[in-house]
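Summary of structural features
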Amino acid sequence: MTEITSRLSTALADRYRIESHLGEGGMATVYLAEDLKHKRKVAVKVLRPELAAVLGAERFVQEITTTANLQHPHILPLFDSGEADGFLYYVMPFIEGETLRDKLNRETQLGIEETVRITCAVADALNYAHQQGVIHRDIKPENILINEGRPSLPTSALRWLSVPPGARA
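This is a predicted model, so every value here is computed, not measured.

Moving on, we get to the packing of aromatic side chains. Summed over the entire model, instances satisfying the criterion amount to 0 aromatic pairs. Over the ring of Phe79 we find Arg40, and its NZ or CZ is 3.7 Å from the ring centre.

Moving on, we come to the sheet that holds strand β4 (residues 80-84). The sheet built from 5 strands is open, its strands ordered β1-β2-β3-β5-β4 with antiparallel pairing. Single-partner strands in this sheet number two, and they are β1 (16-24) and β4. Strand-to-strand, the axes of this sheet are offset by a mean angle of 30 degrees, without reference to chain direction. The pairing of strand β3 (residues 40-47) with strand β5 (residues 87-93) spans 5 bridges and is antiparallel. Its bridge partner lying in β5, Val42 is registered against Pro93.

Now for the nonpolar core. Formed by 14 residues in total, the largest nonpolar core has its most connected members in Ile75, Leu100, Ile118, Val122, Ile144 and Leu153. Ranked by the residues each element gives to this core, the list is headed by helix α5 (residues 112-131), at 6 residues. Judged by nonpolar contacts, the second largest core, of 13 residues, contains Leu8, Leu12, Val42 and Ala84.

Attention shifts here to α5. In an α-helix, one full turn covers 3.6 residues, which means residues spaced three or four apart are oriented alike. Counted at 1.5 Å a residue, the expected span for α5 with its 20 residues is 28 Å, and the 28 Å between its end C-alpha atoms agrees. Taken as a whole, α5 has its buried residues at Ile118, Ala121, Val122, Ala125, Leu126, Tyr128 and Ala129. Seen along its axis, α5 keeps its buried residues to an arc of 160 degrees; they face one direction. Turned more than 90 degrees from where α5 packs its buried face, Ile112, Glu113 and Gln131 sit exposed. Positive phi appears at Gly133, one or two residues downstream of α5, with a value of about 80 degrees.

Looking at the element boundaries, Thr29 is found in strand β2 (residues 28-35). Once you skip the residues sitting within four places of it in the chain, Thr29 turns out to touch His21, Gly23, Glu24, Val44, Lys45, Val46 and Arg48.

Moving on, we get to the pattern of salt bridges. Pairing between side chains of opposite charge can happen when their charged atoms approach one another. One pass over the structure, following the stated rule, counts 14 salt bridges. Among the salt bridges present, the one from Glu107 reaches Lys103, with a minimum N-O distance of 2.9 Å. You can see Glu107 and its partner Lys103 sitting in helix α4 (residues 100-107), 4 residues apart, about one turn around the helix. The class for Glu107 is partly exposed, based on a relative accessible area of 33%. For the salt bridge of Lys103 with Glu114, the shortest nitrogen-to-oxygen distance reads 3.1 Å.

Turning our eyes to something else, we now look at the layout of surface pockets. When its volume is computed, the second largest pocket comes out at roughly 150 Å³. Residue lining of the second largest pocket: 14 residues in total, with Ile4, Thr29, Tyr31, Arg48 and Pro49 positioned closest to the centre. Among the elements that make up the lining of the second largest pocket, the one with the highest residue count is helix α1 (residues 3-11) (3 residues).

We now examine the sheet that holds strand β9 (residues 150-152). Note: strands within a sheet are paired through backbone hydrogen bonds, in either parallel or antiparallel orientation. Within the open sheet, the 3 strands sit side by side as β6-β8-β9. Their pairing is antiparallel. Each end of this open sheet is capped by a strand with a single partner; those strands are β6 (98-99) and β9. Sheet analysis places β6 next to strand β8 (residues 145-147), joined by 2 bridges and oriented antiparallel. Residue pairing in the sheet places Glu98 in a bridge with Ile146 of β8.

Reading the values: the criteria
Residues numbered from 1 in each chain as written. Predicted model: local features only at pLDDT ≥ 70, side-chain atom pairs only at ≥ 80, totals over all residues. Heavy atoms only, no water. Phe/Tyr/Trp six-rings, centres within 6.5 Å; stacked < 30°, edge-to-face > 60°. Lys NZ or Arg CZ within 6 Å of the ring centre and 35° of its normal. Pairing = 2+ DSSP bridges. Helix = DSSP H or I, 4+ residues; strand = E, 2+ residues; numbered from the N terminus. Axes fitted to C-alpha atoms, helices over the stretch in contact; angles between N-to-C directions. Core = buried A, V, L, I, M, F, W, Y, C linked by side-chain atoms within 4.5 Å. Buried < 20%, exposed > 50% of the residue type's maximum accessible area, 1.4 Å probe, protein only. Expected span 1.5 Å × (residues − 1). Arc of directions from axis to C-beta. Contact = heavy atoms within 4.5 Å. Salt bridge = Lys/Arg side-chain N within 4 Å of Asp/Glu carboxyl O. 1 Å grid on protein atoms, 1.4 Å probe; cavity = no way out; pocket = protein on both sides within 12 Å on 5 of 7 lines; lining within 4 Å. Points joined across faces, edges and corners; volume = space filled by probe spheres on them.

Okay, structure coming up:
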């Protein structure tokens with residue numbers, strides 16, 4: 001366990017038990033954890049400390065508030081968020097499955113019916129978000145999760161942006 005992971009584990013110990021490192025992106029690190037209160041697996045996404053210093057907690061919390069209010073079957077809900085020992089984090093359901101990118105790499109080409117089904121589900125989620133004044137800034141196969149054939153967009157505050165009414169994105 002790295003020093004950062006150890007610090008994070010200690011900081012979240014009363015709510016989550018960090019089990020493993022799931023992955024990293026340009027802005028955050030994702031951990032598999034157990035939600036101790038609800039006894040369920042979750043994904044804890046932690047903003048990189050250097051970005052937390054630049055973004056600031058206020059902006060991060062505002063973006064979390066925006067995405068936490070999205071309620072759609074193809075947008076993963078936000079369970080929790082906060083700051084602990086200098087770590088800004090949020091918690092989403094842990095989805096067993098794969099990204100659309102992983103699926104495309106494995107299968108090379110999807111059938112027409114499956115392609116249309118995935119595209120329609122993602123388009124419906126994006127349309128709903130747009131109606132709420134929220135746009136997704138990084139839609140790509142790596143950011144679409146597939147679980148038992150069902151596509152979902154993670155509620156990532158780093159990818160969603162609130163747009164004031166009447167403004168053009």
